[in-house]
Every structure is written in structure tokens, then in C-alpha cells.
Amino acid sequence: TDPILVAELASRMAFKSAQVVQKLFEMGMPTTVNESVDADTAVLIVEEFGHKAKIINAAAVEDVLVEDVSEDSPEDLEPRPPVVVVMGHVDHGKTSILDALRKANVADGEAGGITQHIGAYMVKLEGGERVVFVDTPGHEAFTGLRARGASMTDVAVLVVAADDGVMPQTVEALNHARAAGVPIIVAMNKMDKEGADPEKVMRQLAEHEVIPEEWGGNTMFVPVSAHTGLGLDDLLEMLALQTEILELKANPQRRGKGIVVESRLDRGRGPVATVLVQNGTFNQGDTVVVGSATGRLRAIVDENSVQHRTAGPSIPFELLGLDSVPEAGQEIFAVENEKQARDIVRYRKDMEREQGAEAKKRASLDELFANM
Ligand code: GDP
Ligand code: MG
């Protein structure tokens with residue numbers, strides 16, 4: 001496992017090196033500040049100092065130290081909205097369905113008018129429930145995250161055009177959703193079109209072991225039309241139902257932790273990232289770290305360009321104030337203070353450099369052997 005310098009370990013826990021050295025000595029592992037300990041020992045130390053730690057991935061010891069993985073006590077947990085991804089074959093109507101749902105929402109008069117594409121947005125249902133839609137090309141909602149056993153979505157809506165039926169990317173999307181272990185709702189779209197054949201869609205998906213409820217299976221199928229609006233209410237209702245079953249909860253009391261959904265460099269505003277909050281609450285003014293980018297959370301902006309002071313679990317928001325552009329799929333954490341942020345970023349940049357140097361060394365060795 002990857003070692004970590006005692007000095008680094010101490011700094012990331014915001015303890016003095018001497019305290020960590022003392023603790024190591026007490027634990028029968030005399031080590032100096034400039035020596036390294038392995039990941040297991042690091043975890044032991046972290047726990048000794050009253051933090052909870054777990055190794056998510058031995059190669060990413062630093063994640064153990066950045067992320068506060070202490071467990072939430074049940075009384076702190078509160079219901080959170082589901083995060084829904086809409087997937088399916090190209091041109092089967094994903095964007096149209098999302099637009100139709102959003103328009104219905106805007107008509108309800110949340111914040112009039114101009115909505116921006118930020119890659120995720122929230123819809124308020126009639127009963128007051130909230131649903132968050134992730135509006136990224138389907139698989140991107142999963143790749144990268146799955147490797148770490150995380151997923152940013154709770155429910156997948158699989159869109160299949162009822163006139164076209166199951167296509168290669170339908171199956172691909174299905175496999176992604178399955179691998180992520182999220183429940184699937186099938187939206188059979190374009191029901192207004194001549195030749196729409198929902199029975200065929202059901203048969204085709206049954207061949208992939210997605211069995212409709214009316215056939216004794218456990219998957220909800222709903223006929224919809226993004227154009228006429230047919231069935232969209234049913235779709236939302238099913239999402240509400242599915243949400244109730246999942247009993248999604250999070251702890252808004254702790255420091256914010258989220259995932260970058262989208263990012264870009266904006267001419268006027270600098271690095272901009274859309275963040276989906278996984279747990280805790282981000283507050284305006286928080287210091288955050290994402291990859292080797294850091295910054296103070298200058299503004300929390302929603303898709304209606306409205307500014308907020310905080311963003312809690314499942315809430316998507318645009319983040320301004322980072323010093324560089326993070327990558328989609330990266331995890332973002334609020335940290336204790338700027339010093340901690342600087343330490344983490346320095347450590348990560350060192351790691352990147354080291355890995356880069358090693359890769360270069362390997363490459364030149366490969367070249368050497370290739371030329372022999
Ligand atoms: P995406 O690639 O899955 O995002 O699909 P789009 O939403 O871009 O839709 C592809 C095409 O299908 C567009 O020309 C839409 O106008 C059309 N379309 C989408 N939904 C419907 C629908 O319910 N009925 C009909 N007739 N056309 C639709
Ligand atoms: Mg689209």
C-alpha cells in the first residue's frame with residue numbers, strides 16, 4: 001500500500017507532527033516526522049485521533065484523510081430527493097422528455113423564465129416532493145464513479161422510442177444502470193407517433209430480463225409522449241413512488257461532499273462546475289477541494305441563476321470560485337480551512353508529479369526494450 005509521510009498525515013488531520021510521532025511511539029511504532037507509514041497504519045492513527053477512517057482504495061490514502069467518513073447517527077438523517085438519470089438510445093427523446101418535465105415545472109412558476117443548462121436540475125412535484133434530474137449523456141453519470149463503488153444517481157429512466165424499439169444503446173444504458181444497481185423505470189416515448197408499439201418494447205426488454213409489472217415482473221413501464229405531454233405526470237408519479245420505496249436519506253448537518261457533474265472555463269466567471277451534493281451541506285464561503293483544484297465557494301447558483309447561501313443533499317448547483325477547472329466525476333469536499341486545502345492540494349500535486357515521472361520512466365524503458 002502507498003505510504004504517507006508522518007508530517008503529511010499530521011497536517012491533514014490538523015494535528016501537530018509531534019503529537020502523531022508521540023502516538024506512533026505509544027503504539028510501538030517509533031517513526032520520525034520525515035518517515036512514512038503505510039496506509040493501514042495511517043488509518044489506525046487517524047482513528048486514534050478520534051476520526052473515523054476507512055480505506056476506500058489503498059492507492060488513494062489521501063482520500064481517507066480528506067473525506068470525513070465518520071458515520072451519520074440515525075437521528076441526523078433526513079429524507080433527501082432522488083437523483084434521476086435519463087438514459088437511452090440516441091434520438092429516442094431523452095432531451096425532449098427532460099425539457100418537457102422542466103417546462104411543466106417552470107410553468108408552475110418557481111422562478112420565471114431563463115433557465116440555464118448546468119447539467120442537472122430540480123423539479124418540484126405537485127405533492128411537494130422534489131426530484132433531481134441529471135442531464136448528462138447517460139453513461140457519463142456512471143463512469144469513473146463506479147470504479148469507486150459510488151454512483152451519483154438513485155433511479156434510471158430508460159427511454160425507448162415506441163416506434164423504434166430497443167436499440168444497441170438502449171441495451172448499453174440498461175447495462176450501466178444494472179451495474180450501478182439502481183432501479184429502472186422504462187419510459188416508452190413517442191406514443192403520439194404512428195407505428196408506436198409499446199407491446200413490442202415490453203417484449204424486447206423482457207428478453208433482457210426487464211419484466212413489466214403487468215407481466216408479473218417488477219419494472220414499471222410508462223407510455224409517454226414528450227411532444228403531447230401524454231404520461232409525463234404518470235412518469236413523475238412513478239418516480240415519487242420509487243423514491244418512497246428507496247427511503248433515501250442524508251445528513252445535512254455535516255460538511256458538504258459532492259460530485260462534479262459538469263465543468264468548464266467561463267470567460268467572465270472563471271472555472272465553473274456543476275456540483276451534485278451527496279451528503280452534508282455546502283455553504284457560501286466554504287473552502288473546497290476537488291482533485292488538485294481548490295477555492296472558496298464564492299457563489300452557489302441554481303439553474304435559474306438564483307443565488308443561494310447553502311446547498312444540501314441531492315441539490316445540484318453551479319459553483320464559482322475554484323482556481324482551476326475540475327473534471328466531471330471528481331469528488332468535491334468542503335474542508336476545515338484554507339491551510340488544510342493547501343496541504344491536500346500540494347500533496348495531490350506531488351503525487352501527480354511522482355506518478356507522471358514514473359510513467360515517463362516506464363515509457364522510456366519500454367522504448368529501450370522495443371529498440372533492443
Ligand atoms: P435524445 O437524443 O434522446 O436526447 O432525443 P431528442 O430529445 O433530441 O429527440 C430526438 C428527436 O425525436 C427530435 O426530433 C424530437 O423532436 C423527437 N421526439 C422526441 N420525443 C418525441 C415524441 O414524444 N414524439 C415525437 N413525435 N417526436 C419526439
Ligand atoms: Mg439529447
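Residues numbered from 1 in each chain as written. Chains lettered and ligands numbered in written order. Predicted model: local features only at pLDDT ≥ 70, side-chain atom pairs only at ≥ 80, totals over all residues. Heavy atoms only, no water.

(A) The pairing of strand β7 (residues 155-161), seen in detail. Among the seven residues that make up β7, seven are buried, leaving the element largely enclosed by the rest of the structure. Where burial is concerned, the two faces of β7 agree: the one with V155, V157, V159 and A161 and the one with A156, L158 and V160 are both buried. Both strand β4 (residues 83-88) and β7 contribute to a ladder of five bridges, which runs parallel. If you follow M87 over to β7, its bridge partner there is L158. Note that β7 and strand β8 (residues 184-189) share six bridges and pair parallel. Looking at β8, one finds that V160 is bridged to M188. You can see the chain leave β7, run along helix α6 (residues 168-180) and come back into β8, and the turn it takes is right-handed. (Buried < 20%, exposed > 50% of the residue type's maximum accessible area, 1.4 Å probe, protein only. Helix = DSSP H or I, 4+ residues; strand = E, 2+ residues; numbered from the N terminus. Pairing = 2+ DSSP bridges. Right-handed = clockwise from strand over helix to strand, strands pointing away.)

(B) Molecular detail of the site of ligand 1. Neighbouring ligand 1 are 15 residues; D91, K94, T95, S96 and D192 lie closest to it. Contact distances for ligand 1 include 2.8 Å between an oxygen atom and a side-chain N or O atom of T95. Residue K190 places a side-chain N or O atom 3.0 Å away from an oxygen atom belonging to ligand 1. Protein coverage of the free-state accessible area of ligand 1, which is 570 Å², stands at 74%. Per-element tally for the shell around ligand 1: the top contributor is helix α5 (residues 94-107), with three residues. Split by residue class, the shell around ligand 1 holds two nonpolar, eight polar and five charged. (Near = heavy atom within 4 Å. Polar contact = N/O pair within 3.5 Å; in protein donor to acceptor, adjacent residues only side chain to side chain. Areas by Shrake-Rupley, 256 points an atom, 1.4 Å probe, with all protein chains shown as cover. Nonpolar A, V, L, I, M, F, W, Y, C, P; charged D, E, K, R; others polar.)

(C) Region of interest: the nonpolar core. Counting residues in hydrophobic clusters, the biggest one holds 26 residues, and the most contacted among them are I97, F133, V157, I185 and L239. Among the elements that make up this core, the one with the highest residue count is helix α8 (residues 232-246) (six residues). Leaving out residues up to four positions away in the same chain, I185 has contacts with V155, A156, V157, L158, M220, V222, L235, M238, L239 and Q242. Grouped together as the second largest cluster of nonpolar side chains are 18 residues, M87, V166, I184 and V210 included. (Core = buried A, V, L, I, M, F, W, Y, C linked by side-chain atoms within 4.5 Å. Contact = heavy atoms within 4.5 Å.)

(D) Just α6, in detail. Compared with an ideal rise of 1.5 Å per residue, which puts 13 residues at 18 Å, α6 spans 19 Å between its outermost C-alpha atoms and is within 8% of the ideal. When α6 is considered as a whole, its buried residues turn out to be T170, A173, L174, H176 and A177. The buried residues of α6 occupy an angular sector of 160 degrees when the element is viewed end-on, so they sit on one face. For α6, the elements touching its buried residues are β4, β7, β8 and α7 (198-206). Just downstream of α6, G181 is the residue with a positive phi angle, here 70 degrees. (Expected span 1.5 Å × (residues − 1). Arc of directions from axis to C-beta.)

(E) Spatial organisation of the pattern of salt bridges. With the rule as written, the count across this model stands at twelve salt bridges. A salt bridge links K23 to E26; the shortest N-O distance between them is 3.9 Å. Pair noted here: K23 and E26 are both in helix α2 (residues 17-26), with a separation of three residues, about one helical turn. E336 is paired through a salt bridge with R255; the nearest N and O atoms lie 3.5 Å apart. Here the residue E336 occupies a position in the loop between β19 (331-335) and α9 (338-370), and R255 occupies one in the loop between β10 (249-250) and β11 (257-266), the gap between them amounting to 81 residues. The class of E336 is exposed, set by a relative accessible area of 51%. Put simply, E8, K339, D343 and R346 are held in one network by salt bridges that share partners. (Salt bridge = Lys/Arg side-chain N within 4 Å of Asp/Glu carboxyl O.)

(F) Examining the packing of aromatic side chains more closely. The final tally for this structure, using the stated rule, is two aromatic pairs. On the basis of an interplanar angle of 35 degrees and a centroid distance of 5.9 Å, the ring pair of Y121 and F133 is categorised as tilted. Here Y121, found in strand β5 (residues 120-124), pairs with F133, found in strand β6 (residues 130-134); they are twelve residues apart in sequence, far enough to count as distant. Here the basic side chain of R102 rests over the ring of Y121, its NZ or CZ set 3.9 Å away from the ring centre. (Phe/Tyr/Trp six-rings, centres within 6.5 Å; stacked < 30°, edge-to-face > 60°. Lys NZ or Arg CZ within 6 Å of the ring centre and 35° of its normal.)

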